[in-house]
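Geometric and topological summary
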2 protein chains.
Amino acid sequence: MEIHLFDKDQNPEVFAAGALVFNEGDAGTEMFAVLEGAVDLTIRGRRVEVVTKGGVFGEMALVDNNPRAATATVTADARLVRIDRRRFQFLVQQNPFFALQLMTVMAERLRRAAQPA
Amino acid sequence: MEIHLFDKDQNPEVFAAGALVFNEGDAGTEMFAVLEGAVDLTIRGRRVEVVTKGGVFGEMALVDNNPRAATATVTADARLVRIDRRRFQFLVQQNPFFALQLMTVMAERLRRAAQPA
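Procedures and definitions
Residues numbered from 1 in each chain as written. Chains lettered and ligands numbered in written order. Predicted model: local features only at pLDDT ≥ 70, side-chain atom pairs only at ≥ 80, totals over all residues. Heavy atoms only, no water. Helix = DSSP H or I, 4+ residues; strand = E, 2+ residues; numbered from the N terminus. Rg over C-alpha atoms; globule rule 2.2 N^0.38 Å. Buried < 20%, exposed > 50% of the residue type's maximum accessible area, 1.4 Å probe, protein only. Contact = heavy atoms within 4.5 Å. Areas by Shrake-Rupley, 256 points an atom, 1.4 Å probe, with all protein chains shown as cover. Lys, Arg positive; Asp, Glu negative; His and termini not counted. Charge placed at Lys NZ, Arg CZ, Asp CG, Glu CD. Least-squares fit on C-alpha atoms with pLDDT ≥ 70 in both. pLDDT = per-residue confidence, 0-100. Buried area = accessible area lost by both parts, 1.4 Å probe. Salt bridge = Lys/Arg side-chain N within 4 Å of Asp/Glu carboxyl O. Polar contact = N/O pair within 3.5 Å; in protein donor to acceptor, adjacent residues only side chain to side chain. Nonpolar A, V, L, I, M, F, W, Y, C, P; charged D, E, K, R; others polar.

Another aspect to go through is the overall build of chain A. Regarding its fold elements, chain A presents three helices and six strands. Counting from the amino terminus, chain A carries its helices and strands in the arrangement β-β-β-β-β-α-β-α-α. Relative to a compact globule of 117 residues, whose C-alpha radius of gyration would be 13 Å, chain A shows 13 Å and is just as compact. Principal-axis analysis of the C-alpha atoms gives chain A an extent of 35 × 30 × 25 Å. Across the 117 residues that make up chain A, the buried fraction comes to 49%. Residue pairs in contact within chain A that sit at least 24 positions apart in sequence constitute 75% of those at least 6 positions apart. Surface exposure of chain A reaches about 5,800 Å², of which carbon and sulfur atoms provide 48%. Of the side chains in chain A, 14 bear a positive and 15 a negative charge, and the two mean positions are spaced by 3 Å.

Another aspect to go through is the relation of the copies chain B and chain A. Turning chain B through 180 degrees and shifting it by 0.0 Å along the axis lays it on chain A, with an RMSD of 0.0 Å. What the superposition gives is, in effect, a two-fold axis relating one chain to the other.

Moving on, we come to the environment of Leu-91 of chain B. Residues and elements named next belong to chain B. In this fold, Leu-91 is placed in helix H2 (residues 85–94). Residue classification places Leu-91 among the buried positions, given a relative accessible area of 12%. Taking C-alpha positions, Leu-91 is 10.0 Å from Leu-5, a pair spaced 86 residues apart along the chain. When residues no more than four places from it in sequence are discounted, the contact partners of Leu-91 are Leu-5, Phe-6, Ile-83 and Phe-98.

Below, the discussion takes up unusual backbone geometry. A positive phi angle is found at Arg-44 of chain A, which is not glycine, with a value near 45 degrees. Relative to the elements of secondary structure, Arg-44 of chain A occurs in the loop between strand E3 (30–43) and strand E4 (46–51).

Our focus in this paragraph is the confidence of the model for chain A. Here chain A averages 94 in pLDDT, while 98% of its residues score no lower than 70. In the predicted assembly, ipTM is 0.92 and pTM is 0.93.

Looking now at the environment of Thr-52 of chain A. Residue and element names in this part refer to chain A. Within the secondary structure, Thr-52 sits in the loop between E4 and strand E5 (56–57). A sequence separation of 15 residues divides Thr-52 from Gly-37, and the C-alpha atoms of the two residues are 6.0 Å apart. With residues near it in sequence (within four places) discarded, Thr-52 still touches Val-34, Gly-37 and Ala-38.

For an interface, size is often stated in terms of accessible area lost upon the parts coming together. With 29 residues of chain B in contact, the opposing surface of chain A contributes 29 residues. Across the interface of chain B and chain A, roughly 2,500 Å² is buried in total on both sides, 74% from carbon and sulfur atoms. Three residues, Met-103, Leu-110 and Arg-111 of chain B, lead the burial of chain B against chain A; their summed loss comes to 29% of the area buried on that side. At the boundary of chain B with chain A, the tally comes to two salt bridges. Scanning the region where chain B abuts chain A turns up six residue pairs in polar contact (both at pLDDT 80 or more). When residues of the side of chain B that touches chain A are traced back to their parent elements, those giving at least two are helix H1 (59–64), H2 and helix H3 (96–114) of chain B. The dominant element in the side of chain B that touches chain A, judged by the number of residues it contributes, is H3 of chain B, at 14 residues. Looking at side-chain class alone, the side of chain B that touches chain A contains 19 nonpolar, four polar and six charged residues.

Listed below in structure tokens is the structure:
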């Protein structure tokens, strides 16, 4: 599921390869949309996903207020849109399609997590 | 996360202990809300969750149209509300709180799936 709602965002942030976006266990109140580049998601050192253009990550901490479930590390120079709680809640309220897209991303992750390692 | 949006539904269906609600790999276009009883979710024979009052299951196939990721078996006589695609889409569009609750349930499942077995 690619989400292209943020493609024209005016304030993407630039992250160089190697940058840490957040660490497993951190408090977090923002999600990120990837406009360009690549971000590895790792749990206890194991890579669970590579997020690229059109992908999002960090939505779980936003949804349930728990610490970050994974570490996010930029692996190819990236432009990311940072989406805080206020914008997230606005989007969910104003744009049901966004909520459905996000649920689709989460369903994909759940299916992947259920695969034998 | 308990979802109580369906507590007053007029048409819950009764399932006896032992009933199979759906099988891993089935096509599926409905989710279920549990008003009473208990439903085991198993993946390749391993129990991943027990869903009880206030819980929902089956939302993944609704969201992404893929086959059922788990088998759902009633383990204690249950009353379930069956939510088809039409009602689901109506709810997501009309009630952002429902979408947020569902995302919270999915985030809980993702966190659980990420735990060491």
